[in-house]
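# Residue-level structure breakdown
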Amino acid sequence: MKRLLLAGLLVFSLSHTVLGQGCSICTKTASEMDSKSAKGLNGGILYLAMLPLGIMGTLGVVWWRSKR
């Protein structure tokens, strides 16, 4: 189990350039904005990401506590 987790973390850490590129539409839109609007776009993206990340975090904590 530890080897599988380590392998998964290794693959995830090596693929940051592939995962961190984003869509071309958002990149083009953000590059044409002024800094205030770009900060607003980034804030909106983070706002929309909170619910899925919160759900995954909650499931992870529940799973971790049940395995302990």
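Residues numbered from 1 in each chain as written. Predicted model: local features only at pLDDT ≥ 70, side-chain atom pairs only at ≥ 80, totals over all residues. Heavy atoms only, no water.

### Let's talk about the overall build of the protein chain
- Check the secondary structure of the protein chain and you find 4 helices and 0 strands.
- Listing every helix and strand of the protein chain by position from the N terminus yields α-α-α-α.
- When the 68 residues of the protein chain are sorted by exposure, 3% land in the buried category. (Helix = DSSP H or I, 4+ residues; strand = E, 2+ residues; numbered from the N terminus. Buried < 20%, exposed > 50% of the residue type's maximum accessible area, 1.4 Å probe, protein only.)

### Let's talk about the packing of aromatic side chains
- In total, this model carries 0 aromatic pairs according to the counting rule given.
- Over the aromatic face of tryptophan 64 sits the side chain of arginine 68, whose NZ or CZ is 4.9 Å from the ring centroid. (Phe/Tyr/Trp six-rings, centres within 6.5 Å; stacked < 30°, edge-to-face > 60°. Lys NZ or Arg CZ within 6 Å of the ring centre and 35° of its normal.)

### Digging into a nonpolar patch on the surface
- A surface patch of nonpolar side chains, amounting to about 560 Å² of accessible area, comprises Met1, Leu4, Trp63 and Trp64.
- Here leucine 4 shows up in helix 1 (residues 2-14). (Patch = residues over 30% accessible without salt bridge, like charges linked within 9 Å, V, L, I, M, F, W, Y side chains within 5 Å. Areas by Shrake-Rupley, 256 points an atom, 1.4 Å probe, with all protein chains shown as cover. Salt bridge = Lys/Arg side-chain N within 4 Å of Asp/Glu carboxyl O.)

### Digging into helix 4 (residues 35-67)
- When the terminal C-alpha atoms of helix 4 are compared, their 46 Å separation across 33 residues agrees well with the 48 Å that a helix rising 1.5 Å per residue should span.
- Along helix 4, the largest kink reaches about 35 degrees and is centred on methionine 50; proline proline 52 follows within four residues of it. (Expected span 1.5 Å × (residues − 1). Bend = angle between axes of the 7 residues up to and from the residue.)

### Regarding the confidence of the model for the protein chain
- When pLDDT is averaged along the protein chain, the result is 81; 87% of the residues meet or exceed 70.
- Taken element by element, the protein chain is modelled with least confidence in helix 2 (residues 16-19), mean pLDDT 57, and with most confidence in helix 4, mean pLDDT 90. (pLDDT = per-residue confidence, 0-100.)

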